[in-house]
Amino acid sequence: MKSKKILISVLVFVSLLLLSGVVNGQKERVVSLPYWDTPGLIPYYWQAQHILAQGTIFEGLFGYAPDPKNIGGVKVVPVIAESFKVSKDYKVWTFKLRKDKKWSNGDPITAKDFEWTFKFYASPKIPDFPAWAGPHQFIENFWAVKSGALDPDKLGVKALDDYTLEIRLSQPRYDLKEQLCVAQGVPLHRKSVEADPDNWWRPGKIVCNGPYIPISWTPGKDMTLVKNPRYVGERGNVDKIILKFGGLGLQQYQAGELDAAMIGNVAEYRYVMADPKLSKEFHEDIMDCFWNGYQISRGFDPVMDNKKLRQALAMAIDREKLCKEVLGGRALPLAAYWPKGTVIGDKMKEIPFDVKKAQQLLAEAGYPGGKGLKTLVFYITGGGDPVVEFIVDQWKKNLGVNVIIENIESGLYWNSYVWASFTPEAKAGFTVIGAPMNNLEIGAIFKNSDHTLWFFDYPASIRKKYYDFMQELDAWLRKEGGLTEADWKPLFEKKNSLMEGFKKILAYLDQRGWKEWKADISRPPLWYEQFDELYEKWKAAKTDADKTNYWRLAGRVITDQEMFQVTFNGRNEPSKVAYAWRYKAVNRPFSEALKIAHYVLQPLQDQYWMVPVYLAKAQWVQNPKLEGLMLYKFSWGPGFFNFKYLNLKD
Amino acid sequence: MGLIKYIIRRLFTIFLSIVIVIIITYILMWFAPGEFFNIAQFQASAGKVSTLTPEQLQVLIKGFEEKYGLNVPLWKQVWNYLKDAFRFKFGPSFSNPNEPIEVQIARRFPVTFTLAILSMTLAVLLGIPLGIIAALKRNTWVDYVTMFFSMIGSIIPAYLIGVIMVLILSVWLRWLPTSGWESPKQMIMPVIAVGLGPLAVIARFMRSSLLDILNQDYIRTAYAKGGTDRAIIMRHALRNSLIPIVTIIGPQLAFLFTGTVFIENLFRVPGLGQLFVNAASQRDYPLLVTSTFILSLSVMLMNLLVDIVYAFLDPRIKYE
Amino acid sequence: MEVAISQKVKRVSYWSAAWRRFNRNKMAVAGLIYITIIIIVSIFTPWIAPYPYDEPHYAHTFEKPSAKFWWGTDDLGRDMFSRNLYAMRNALLVGFGSQIVVLIIGVIIGSIAGFRGGFIDTLLMRITDIMYAFPTFLFNVILVTVMGRGLFTILVAVGLTGWAGMARLVRGMVMYLKHADFVEAARALGAKESYIIRKYILPNMLGPIIVSLAFGIPNGIWIEAGLALIGMGVRPPMPSWGNMIGAGIGYIMGFPHMVIFPVLTFALTLLAFTYVGDGLRDALNPRSEV
């Protein structure tokens, strides 16, 4: 009896030890982090989950690894891809895949997965696929497939064998591997998606290929990820990651509910730095993929066409004072699109803070001491903008220029005032702009300062014409008619006169030596070839609806070409130079593009349509035992992502 | 039989009201500034200029319009919406393409419903006894204090109560967490914040209802006679004074659901109120119309339920 | 034995009797005093406020109450005391303004329904029922989304959603008074309809209408603050209790003064109006409360 009792108590004791993990040794490693509110897990939508798809839940041919010296703090490394080849014209990319990568259910990942997924993305079955956010828009026949004109099989993606993938592009892209890092570059598990198109992505059902799998998700609250047992590849030692939504921060960090938290404002910053414990856990980094500042409003008032006026305004802002006092040290002054210490920034000249010079320029512009200049409007949104108030104050103090602040409601502000092509109702003035890179692609290194090229650097009259053309393009979609030859007559007349103009432009581009630009606008199918083809289709059309449709499309082709010619000829000279350089830059591999980007950015900056003012810092506190935490510095940031490198020290 | 007919008539009125409300809401949306469907909104750009040509953008827009049923005239859109609305199919939402609206609502409805029921229960379970005590001890300090606090409770809006509670109980005393909806600890403040208003109103009404009855002559004389009849009379008075309470619960419900909109935002409760506010600020019109529909329907149906309960309780009520 | 009948029986008018009854309610009187003070302050706010509501002082952000800034400063270094004054002013504007809208719409609809009766009455009352049962705040949000955010549009929106009670009230009174004894008597004596309306009906409606308006003002105030709280109120930098509280919540950890002051003034104002409303109701309808 006694021995039985001893045996039982030993068993109980050991089970207790095992349960408490002491004997077992391994306590589960759990990390809790704040994350953007995630409304679903479909990877390709432009929502918070697309960041999870970039290497945490899913992974693609390429991905990001930490590299503090690089743009965005990341470098591009092959993940599923083992090697790649690219044709001389950079239009055909061939990838060799690793043979050891697996789905979370054990299926091997093959090139066929990629082929099927990309064709799925291109098909009309996903009408709201955000094509602008990734590489698919450049794949051969993507648009024809998307509009239903071609079968998805005609998409330029093919699995040459199980582990070789060929992607054919409709135009040369030098940064395809960078582009493939985004969420749209990841494959989906065909069987799961086809079996349950609406709910394949739900935790518990989802089949994914990343280092972590979601096992539970409460919208508005949190999501739990656990280690994918079938994952092959580099990964940290964290067993479970809990992502908490709802904008949680410092409070929860102090309560022990989070292992890291972003510092959201000056009050919290001061609080942290004054706290003996928190100040030791403080980290900061610069958001180098953004520039923050203002742009001229996108209306048609010719007042702002005066370059000296714009320059004076840009030079009259004390950026140092702004960052120290208004932003409480949470930003650095920025007087060029890229900061010093970066490849591009080191080659750029900054906008100086020089009140005397600014006053002189203002006088030369015709408004000495600010007299004679009408009151300008600075559009803002939200709860008030201290940066804007400071800038407006500076202009008043240093230049005598009067600016009033007008508050526009949020949705309207971003869509119609800041990022719209034009805002006809905007008065002469400014809006804020926080110009980010969405991801690593060559076009993004211009950080949206190329809006100056697209929309700003023309005389106001040309900008107005541009806007009118855009309206006309839109109107063509609904025009009635096109059933008779007579309807085509005016189009043909236009076409002939436009042919002359087009030839002149080609000759001009030749003369200036801008061959990349010329190559882009003479890429087949040329506009007049498209026009002729539409005419033939119209002649052969059987129904009235088809006839009208072809006629409308032809009208759009003509209007589009007219718009191009008017804007090309109306462009200011610095803008032409910058544009030509931009063509050069996007036709080079990424590292080469970085070297010549300043030839594009400097002329743009020197036109002062879009002016950089400050560079935001990301500040956060972090559990000292946590390593490998990566900061997301692109457009959604600051935040944390790419959790495969997380490591918890004991 | 009168009751059944009454219910049917009420349901019909509810149906009609909701339809009118939806039509009006839809029409209002249509005229809101910023376009009903904004192309730039579709791009949901965080700063990307379109690398798409107008042609390409057109392809995407057409697909989008088809998906959201926007390629038909307004009256047809409203008709399509209504057709499916009463089957609880609301279509896709602008701001969240992962799930159709009905799934989002189905998930959040229980949360709001729980909050509402818990708050109402609190209001009834505490309000009635408080009112009774105040009535029985009328014009004593108990009465004054109770009535004073219920005055405050009925005037101060729910969110203000919520903020005050957070200030005192979370920031100063650190007794309760500031947000969430998981543990009972997290639920305390939201429920109190939503329920305090109705609690106050119920308490005051209970008090005056009971006093009304107690003051009636037959009660007073019977009471004055004394003896064991007193207890019976008291029970009788109480029961009769409870019945009218049911009438005020109805209006309190509408108030209560409004309160949840704020409280859910304040305490990060993942319910319908949070959805509504998000929809309004993001101009997600389908979601906005639908959450209005669901909230109004809930209030009206619960009102109907209350009226039916009242009919059972009060034999004097006849429904014609 | 002669009893001197020398006491003059004072003719007591309805209004002075009501006033005396009101005065007996100490809380109501206190509320009235408070309201009078804040109305005066609100009218003269631009002169009383020590700072403009939108003037930032970047070197003094998040400061606790001090001699320079009596109620402290906010995230842009703006004086909280001045901002509270302007917020109060906006609240009163919306409160009173919305009730004017309510009065106009409610009286018109209620009178038509009461006078005409019949189909129009039924129709109007159905509409009123729908408005009554509907959670009006939602509708306010939608209206503001459509009409835009500004003091005037919010005021109109609150009025547009709040007239149902007033309409019902007016209708009820008109129907009752139409056939009241003294009105019938006046009619029998040959008085014109318009005279009857002026002399008999309107004055008797004033009491309940005033009470309804008095309760409607705090209603308008809390809706305005509620809209601001969820981000659909007046546009910043214009202050509102709602957006001050909403913004202050984020800083509650280190700087609770940003929330405490708006909460206190807001609560006090609401209480004051409600006590006054209660007092008015008791004074003008002596048969009510036990």
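Residues numbered from 1 in each chain as written. Chains lettered and ligands numbered in written order. Predicted model: local features only at pLDDT ≥ 70, side-chain atom pairs only at ≥ 80, totals over all residues. Heavy atoms only, no water.

For the rest of this paragraph, the subject is the overall build of chain A. On a plain count of helices and strands, chain A comes out with 21 helices and 22 strands. Compactness check: chain A gives a C-alpha radius of gyration of 28 Å against a globular reference of 26 Å for 650 residues, within 12% of the reference. Structurally, chain A occupies a C-alpha span of about 110 × 70 × 40 Å along its principal axes. With the model as given, the accessible surface of chain A reaches about 26,300 Å², and the carbon-plus-sulfur share is 54%. Within chain A, one finds 87 positive and 75 negative side-chain charges whose respective centroids are separated by 3 Å. (Helix = DSSP H or I, 4+ residues; strand = E, 2+ residues; numbered from the N terminus. Rg over C-alpha atoms; globule rule 2.2 N^0.38 Å. Areas by Shrake-Rupley, 256 points an atom, 1.4 Å probe, with all protein chains shown as cover. Lys, Arg positive; Asp, Glu negative; His and termini not counted. Charge placed at Lys NZ, Arg CZ, Asp CG, Glu CD.)

Let us now look at the pattern of salt bridges. Across all of its chains, the model carries 45 salt bridges over all chains by this definition. Lys308(A) is the partner of Glu364(A) in a salt bridge, and the nearest nitrogen-oxygen pair spans 3.2 Å. In this pair, Glu364(A) sits in helix α11 (residues 355-364) while Lys308(A) sits in helix α9 (residues 307-315), placing the two residues 56 residues apart along the sequence. The exposure class of Glu364(A) is partly exposed, given its relative accessible area of 45%. Between Arg78(C) and Asp74(C) there is a salt bridge; the shortest N-O distance is 3.1 Å. Here Arg78(C) matches Asp74(C) in class, with each residue buried. Connected through shared salt-bridge partners, Glu115(A), Lys119(A) and Asp153(A) make up one network. (Salt bridge = Lys/Arg side-chain N within 4 Å of Asp/Glu carboxyl O. Buried < 20%, exposed > 50% of the residue type's maximum accessible area, 1.4 Å probe, protein only.)

Okay, the interface of chain C and chain A next. Facing 14 residues of chain C, the contacting portion of chain A comprises 18 residues. Summing both partners gives a buried area of about 1,500 Å² for chain C against chain A, and 59% of it is carried by carbon and sulfur. At the junction of chain C with chain A, the criterion picks out zero salt bridges. Taken together, the connections running from chain C to chain A amount to zero residue pairs in polar contact (both at pLDDT 80 or more). (Contact = heavy atoms within 4.5 Å. Buried area = accessible area lost by both parts, 1.4 Å probe. Polar contact = N/O pair within 3.5 Å; in protein donor to acceptor, adjacent residues only side chain to side chain.)

Consider a sheet: its strands pair through backbone hydrogen bonds, and that pairing is either parallel or antiparallel. All names here are of chain A. A sheet is described by the order of its strands in space; here four strands give the open sequence β4-β5-β7-β6, paired in antiparallel fashion. One side of each edge strand has no neighbouring strand; the edge strands of this open sheet are β4 (81-86) and β6 (157-161). Each strand of the sheet is rotated relative to its neighbour by a mean of 20°, with strand direction disregarded. As paired strands, β6 and strand β7 (residues 164-168) are joined by four bridges and run antiparallel to one another. Pairing of Asp161 across the sheet is with Thr164, part of β7. Sheet contacts for helix α3 (residues 111-122): β5 (92-97), β6 and β7; angle to β6, the most-contacted strand, approximately 165°. (Pairing = 2+ DSSP bridges. Axes fitted to C-alpha atoms, helices over the stretch in contact; angles between N-to-C directions.)

Among the secondary structure elements, Phe113(B) is positioned in helix α5 (residues 101-136). Separated by 54 residues in sequence, Phe113(B) and Leu167(B) place their C-alpha atoms 26 Å apart.

This paragraph deals with the pairing of strand β17 (residues 429-436) of chain A. All names here are of chain A. Counting buried residues in β17 gives seven out of eight residues, a clear majority hidden from the surface. Examined bridge by bridge, strand β13 (residues 290-296) and β17 share seven bridges and lie antiparallel to one another. Note on β17: the bridge partner recorded for Gly293 is Ile433. Alignment of strand β15 (residues 376-380) against β17, held across three bridges, turns out to be parallel.

Moving on, we come to the packing of aromatic side chains. This structure, assessed with the given rule, holds 90 aromatic pairs over all chains. Between Tyr90(A) and Trp93(A), the ring centres sit 6.1 Å apart and the planes meet at 65°, which makes this aromatic pair edge-to-face. Under the relative-accessibility criterion, Trp93(A) is labelled buried at 2%. Ring centres of Trp71(C) and Phe81(C) lie 5.0 Å apart, and the angle between their planes is 80°; on these two criteria the pair is classed as edge-to-face. Pair noted here: Trp71(C) is in the loop between α3 (45-48) and α4 (80-116) and Phe81(C) is in helix α4, with a separation of 10 residues, a long-range link. What links up through ring pairs into an aromatic cluster is the set Tyr35(A), Trp36(A), Trp46(A), Tyr64(A), Trp132(A), Tyr632(A), Phe634(A), Trp636(A), Phe641(A) and Phe643(A). The cationic tip of Lys479(A) hangs over the ring face of Trp476(A); the distance from NZ or CZ to the ring centre is 3.8 Å. Here the guanidinium or amino end of Lys547(A) rests over the ring plane of Trp538(A), the centre of that ring lying 5.0 Å away. (Phe/Tyr/Trp six-rings, centres within 6.5 Å; stacked < 30°, edge-to-face > 60°. Lys NZ or Arg CZ within 6 Å of the ring centre and 35° of its normal.)

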